[in-house]
Structure formats: C-alpha cells, structure tokens
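Commentary on secondary and tertiary structure
What follows is the residue order along each chain.
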Amino acid sequence: MTAKMILYISLLLPWFSLLFANKKRIKKYIPVIILTVFLMTIIFQIAFHYKWWIIHTYIVPWGYMIDVSFAYGLFPVGTFWIFYFTSSRFIIFTITNIIMDTFMAFAVLPGLSKLHIAEYKGIAPWQYFLIMYGLSFIIYGYYVWQQRIYKEDP
C-alpha cells in the first residue's frame, strides 16, 4: 500500500465510522470536533515554524505544513469516539488519552518515518506526547464549558 493511499484512508475512513454513531450524540460533540480541528491546525502551524517534524508525503498542496489526514481525519474523529464513550467519566477519559497519545507518540509516528510519510525533527516523542496529552485537557475543559452553556439555555 502506498503512503498516499494510507493518508487518504486516514482522512476519509474515520468519517465513515460516524455512520454508526447516535445522531444526537454527534450533534452534542460537534463543537468539540470543531475546536479539535482548529487546535490541530494551530499546532501544525507552530510545528512547521519550529520544525518539530517534517512531512515528506502529503495529499494536498499545503500538506507539507499540515498533515491533513491526521488533523482533519483521524484526530477529530478519534476525539469524537473518545468523548462518545468516556465523556461522562473523566478518569476513563484521561486513561484513554494516555493510552492513545502514547501509542501515537511512540509507535505510529515512528512508523510513519519508516514509510517516509513524516518524521520527528526538532521534538522528541515524549514532548509530542505531552503536547497531545495537554491538548486533551483543553478539549475536555471546553466540553464541560459547552455543557454548562447548553444547560443554561432555556
């Protein structure tokens, strides 16, 4: 399987998984997905500027800056599913994020280097882990804030 095929699958396949989710719960977590995409775009811009990683293979012209398949495919939909199953249990949410972020930082991204898709440059895997894990708390805080707003609306 070619690297570009992996990127296209990583972008599109996660969105099809939403067909198996409850429509009301999709609506409930859409603000979290939007925030996640926004934050990932910012993180990729910072990473490009500071050369945290280099993206070798991409599927859109600006893909050398933002890994579209991850930022707009795997990550937001993965975040949706984590919230779908764990949002009401903060400890489970935290443990799930530790597992997923560890897997991404220490297994998936080094694997992408072997496929010549992307590689760490100016950041260590443990630093990437801390950024992604920290991001999960920002996203969860936003989710809690959103839930309070919805409860206050008549």
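This text follows the structure it describes.
Residue positions are counted from 1 within each chain, in the order its sequence is given. Confidence filtering applies because this is a predicted model: local features only for residues at pLDDT of at least 70, side-chain atom pairs given and counted only at 80 or more, and all residues used for totals across whole chains, interfaces and linings. With hydrogens and water excluded, all non-hydrogen atoms of the structure serve as input to the side-chain values.

Here a strand is any run of E in DSSP of at least two residues, a helix any run of H or I of at least four, and the numbering for each starts at the N terminus. A tally of helices and strands in the protein yields 5 helices and 2 strands. Secondary structure elements of the protein, listed N to C terminal, follow the sequence α-α-β-α-α-β-α. Using C-alpha atoms as the atom set, the radius of gyration is obtained and then compared with a globule rule of 2.2 Å times the number of residues to the power 0.38. Taken over C-alpha atoms, the radius of gyration comes to 16 Å for the protein, in line with the 15 Å a tight globule of 154 residues would show. Seen along its three principal axes, the alpha-carbon backbone of the protein occupies a region of about 50 × 30 × 25 Å. Between buried and exposed lies partly exposed: a residue is buried under 20% and exposed over 50% of the maximum accessible area for its type, with that area taken using a 1.4 Å probe on protein chains only. Split into buried and exposed, the 154 residues of the protein put 44% on the buried side. When the accessible surface of the protein is summed, it comes to about 9100 Å², and 72% of that surface belongs to carbon and sulfur atoms. One finds the centroid of the 12 positive side-chain charges in the protein at a distance of 7 Å from the centroid of its 5 negative side-chain charges. For the accessible areas, the method is Shrake-Rupley and the probe is 1.4 Å, while residue cover comes only from the protein chains on display. Charged-residue counts in this description rest on Lys and Arg as positive and Asp and Glu as negative, His and the chain ends being excluded. Each charge is placed at NZ for Lys, CZ for Arg, CG for Asp and CD for Glu.

With that out of the way, let us pick up the side chain of aspartate 101. Looking at where aspartate 101 falls in the secondary structure, it is placed in helix 4 (residues 90–114). Those residues in contact with aspartate 101 that lie beyond four places of it in its chain are Phe129, Met132 and Tyr133. In this analysis, two residues are considered to be in contact whenever any of their non-hydrogen atoms come within 4.5 Å of each other.

This next bit is on the environment of phenylalanine 90. Within the secondary structure, phenylalanine 90 is located in helix 4. Relative accessible area serves as the criterion here: at 35%, phenylalanine 90 is assigned to the partly exposed category. Spatially, the C-alpha atom of phenylalanine 90 lies 16 Å from that of tyrosine 29, the residues being 61 residues apart in sequence. Discounting residues that sit within four places of it in the chain, phenylalanine 90 has contacts with Phe137 and Tyr140.

For the rest of this paragraph, the subject is the environment of phenylalanine 48. For phenylalanine 48, the location among the structural elements is in helix 2 (residues 23–50). Along the chain, phenylalanine 48 and isoleucine 66 lie 18 residues apart, while their C-alpha atoms are 7.9 Å from each other. Residue contacts for phenylalanine 48: discarding those within four places in its chain leaves Tyr64 and Met65.

So, on to the side chain of threonine 94. By the element assignment, threonine 94 lies in helix 4. If near-sequence neighbours (up to four positions away) are discounted, threonine 94 is found in contact with Tyr133 and Phe137.

Attention now goes to the packing of helix 2 against helix 3 (residues 68–86). To obtain an axis, a line is fitted to C-alpha atoms, over the contacting stretch when the element is a helix, and the angle between two such axes runs from 0 to 180 degrees between their N-to-C directions. For the pair helix 2 and helix 3, interaxial distance at closest approach is 9 Å and the crossing angle is 140°. One finds that helix 2 runs oblique with respect to helix 3. Two packed elements cross with a definite hand, and for helix 2 against helix 3 that hand is right-handed. Contacts from Arg25, Ile26, Tyr29, Val32, Ile33, Thr36, Val37, Met40, Thr41 and Phe44 of helix 2 reach helix 3 at Phe70, Ala71, Tyr72, Phe75, Pro76, Thr79, Phe80, Phe83, Tyr84 and Phe85. The cut-offs work like this: below 35 degrees is roughly parallel, past 145 is roughly antiparallel, 65 to 115 is roughly perpendicular, and the gaps in between are oblique. Two helices that cross are described as forming a left-handed crossing if the nearer one is turned anticlockwise from the farther one by less than a right angle, and a right-handed crossing if clockwise.

Attention shifts here to the packing of aromatic side chains. Between 30 and 60 degrees the pair is tilted, below 30 it is stacked and above 60 it is edge-to-face, where a pair is any two Phe, Tyr or Trp rings, Trp via its six-membered ring, whose centres lie within 6.5 Å. Applying the stated criterion across every chain, the model contains 27 aromatic pairs. Measuring from centroid to centroid gives 4.9 Å for tyrosine 133 and phenylalanine 137, while their planes differ by 80°, and the two rings are edge-to-face. Separated by 4 residues within a single helix, tyrosine 133 and phenylalanine 137 lie in helix 5 (residues 125–152), roughly one turn from each other. Residue classification places tyrosine 133 among the buried residues on the basis of a relative accessible area of 15%. Both a distance and an angle decide whether a charge sits over a ring: NZ of Lys or CZ of Arg must be within 6 Å of the ring centre and within 35 degrees of the ring normal. Note that arginine 25 overlies the ring of tyrosine 84, its terminal NZ or CZ placed 3.9 Å from the centroid.

We now examine helix 3. The first and last C-alpha atoms of helix 3 sit 26 Å apart over 19 residues, in line with the 27 Å expected at 1.5 Å per residue. Approximately 25° is the largest bend angle found in helix 3, and it occurs at leucine 74, with the proline proline 76 only one to four residues beyond. Most of helix 3 is tucked away, with 15 of its 19 residues classed as buried. By this rule the span expected of a helix is its residue count minus one, scaled by 1.5 Å. Think of it this way: the bend at a residue is just the angle between two axes, each fitted to seven residues, one set ending at that residue and the other starting at it.

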